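So you can see what is in the structure, the chains are spelled out below.
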Amino acid sequence: MSNAVCTISYRRSRFSTKLPSDRLYTPGHFWLREIEPGLWRVGITRFAQRMLGDLVEYGFEVKENQAFELGDIVGWIEAFKATSDIYSPADGQFVRGNPTLEIDPRRFDIDPYNEGWLFEVRGTPDPRAVDAAGYTKMLDLAIDRIQGKEAMMDAPPTDEVGD
């Protein structure tokens, strides 16, 4: 019997990824995988990782067993392209950060869906979280927004004023 996880291949514009089907995905581009009943491993998606760039440094503002709510800031990430707060994609208690990232932070960049996870939470995921197929629709919208902004930036200036 194989423990291999099925993936959904996604490609749009210049972005492609393989989304593990054993996770939930949030509108904030986090993934959650239940590793035992009520215990969730949390990471960011390849899309979010690409937007941030290579990991420089990260940290948590919460301590072990500290409770937090969906959307609370639990930490921060400084990466090559951007610095961002880490918002909780679940209600619950902080269990621990990823000890592998302490030793080898490159795992965040190389393997965001497995060894590059960020933290574990005991609790309940965002009710808006969807499966991998549902997340592809979120990616479509996000990429369309980005391309719309790029198209507007590339458009020649106009002197026309709308009604």
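Reading guide: rules and limits
Residues numbered from 1 in each chain as written. Predicted model: local features only at pLDDT ≥ 70, side-chain atom pairs only at ≥ 80, totals over all residues. Heavy atoms only, no water. Helix = DSSP H or I, 4+ residues; strand = E, 2+ residues; numbered from the N terminus. Buried < 20%, exposed > 50% of the residue type's maximum accessible area, 1.4 Å probe, protein only. Contact = heavy atoms within 4.5 Å. Areas by Shrake-Rupley, 256 points an atom, 1.4 Å probe, with all protein chains shown as cover. Core = buried A, V, L, I, M, F, W, Y, C linked by side-chain atoms within 4.5 Å. Polar contact = N/O pair within 3.5 Å; in protein donor to acceptor, adjacent residues only side chain to side chain. Pairing = 2+ DSSP bridges. Phe/Tyr/Trp six-rings, centres within 6.5 Å; stacked < 30°, edge-to-face > 60°. Lys NZ or Arg CZ within 6 Å of the ring centre and 35° of its normal.

Caption draft 1: Structural view of the overall build of the protein. Within the protein, the regular secondary structure consists of 4 helices and 11 strands. By residue count, 39% of the 163 residues in the protein fall in the buried class. Taking the intrachain contacts of the protein between residues at least 6 apart in sequence as the baseline, contacts between residues at least 24 apart amount to 60%. Here the protein has roughly 9,700 Å² of accessible surface; of this, 51% comes from carbon and sulfur atoms.

Caption draft 2: Inspection of the nonpolar core at higher detail. Of all hydrophobic cores here, the largest spans 22 residues; its most connected members are Ile-77, Phe-108, Leu-118 and Phe-119. In contact with Ile-77, not counting residues within four places along its chain, are Leu-52, Leu-55, Glu-57, Tyr-58, Ala-82, Thr-83, Ser-84, Ile-86, Phe-108 and Leu-118.

Caption draft 3: Highlighting unusual backbone geometry. One non-glycine residue, His-29, lies in the positive phi region at around 70°. Positionally, His-29 belongs in the loop between β3 (24-25) and β4 (30-36). Within the chain, Asn-65 stands out as a residue other than glycine whose phi angle is a positive 70°. On the secondary structure map, Asn-65 appears in the loop between β6 (55-60) and β7 (67-68).

Caption draft 4: Here's a closer look at the side chain of Arg-23. Mapped onto the fold, Arg-23 is located in the loop between β2 (15-20) and β3. For Arg-23, a relative accessible area of 4% translates into the label buried. Of note is the side chain of Arg-23, whose polar atom sits 2.3 Å from the backbone oxygen of Tyr-113. Residues in contact with Arg-23, not counting those within four places in the same chain, are Trp-31, Leu-32, Arg-33, Tyr-113, Asn-114, Val-130, Asp-131 and Ala-132.

Caption draft 5: Representation of the sheet that holds strand β5 (residues 39-44). Strand order in the open sheet formed by 6 strands is β3-β4-β5-β11-β10-β7, and the pairing between neighbours is antiparallel. The sheet terminates laterally at β3 and β7, the two strands that pair on one side only. Bridge analysis of β5 against strand β11 (residues 119-125) gives 4 bridges, and the strand direction is antiparallel. Residue pairing in the sheet places Leu-39 in a bridge with Arg-122 of β11.

Caption draft 6: Broad picture of the environment of Val-95. Inspection of the secondary structure puts Val-95 in strand β10 (residues 90-97). Placed 26 residues apart in sequence, Val-95 and Val-121 show a C-alpha to C-alpha distance of 5.3 Å.

Caption draft 7: Spotlight on the pairing of strand β1 (residues 7-12). In this structure, β1 lies alongside β2, joined through 6 bridges in antiparallel fashion. Looking at β2, one finds that Arg-11 is bridged to Ser-16. The antiparallel hairpin formed by β1 and β2 contains 2 residues in its connecting segment, where Ser-13 sits at a positive phi of about 55°.

Caption draft 8: Main features of the packing of aromatic side chains. Tallied over the full model, the rule gives 8 aromatic pairs. Ring centres 6.3 Å apart and planes at 55° place the aromatic pair Tyr-10 and Phe-15 in the tilted group. The pair formed by Tyr-10 and Phe-15 is uniform in burial state, with each residue classed as buried. A centroid spacing of 5.8 Å and a plane angle of 70° characterise the contact between Phe-60 and Phe-119, whose relative ring orientation is edge-to-face. Of this pair, Phe-60 sits in strand β6 while Phe-119 is found in strand β11, placing the two residues 59 residues apart along the sequence. Since its relative accessible area comes to 22%, Phe-60 is described here as partly exposed. Since its relative accessible area comes to 0%, Phe-119 is described here as buried. In this structure an aromatic cluster arises from ring pairing among Tyr-58, Phe-60, Phe-94 and Phe-119. The cationic tip of Arg-23 hangs over the ring face of Trp-31; the distance from NZ or CZ to the ring centre is 4.5 Å. A cation over a ring is seen here: Arg-41 above Trp-117, with NZ or CZ 4.2 Å from the ring centre.

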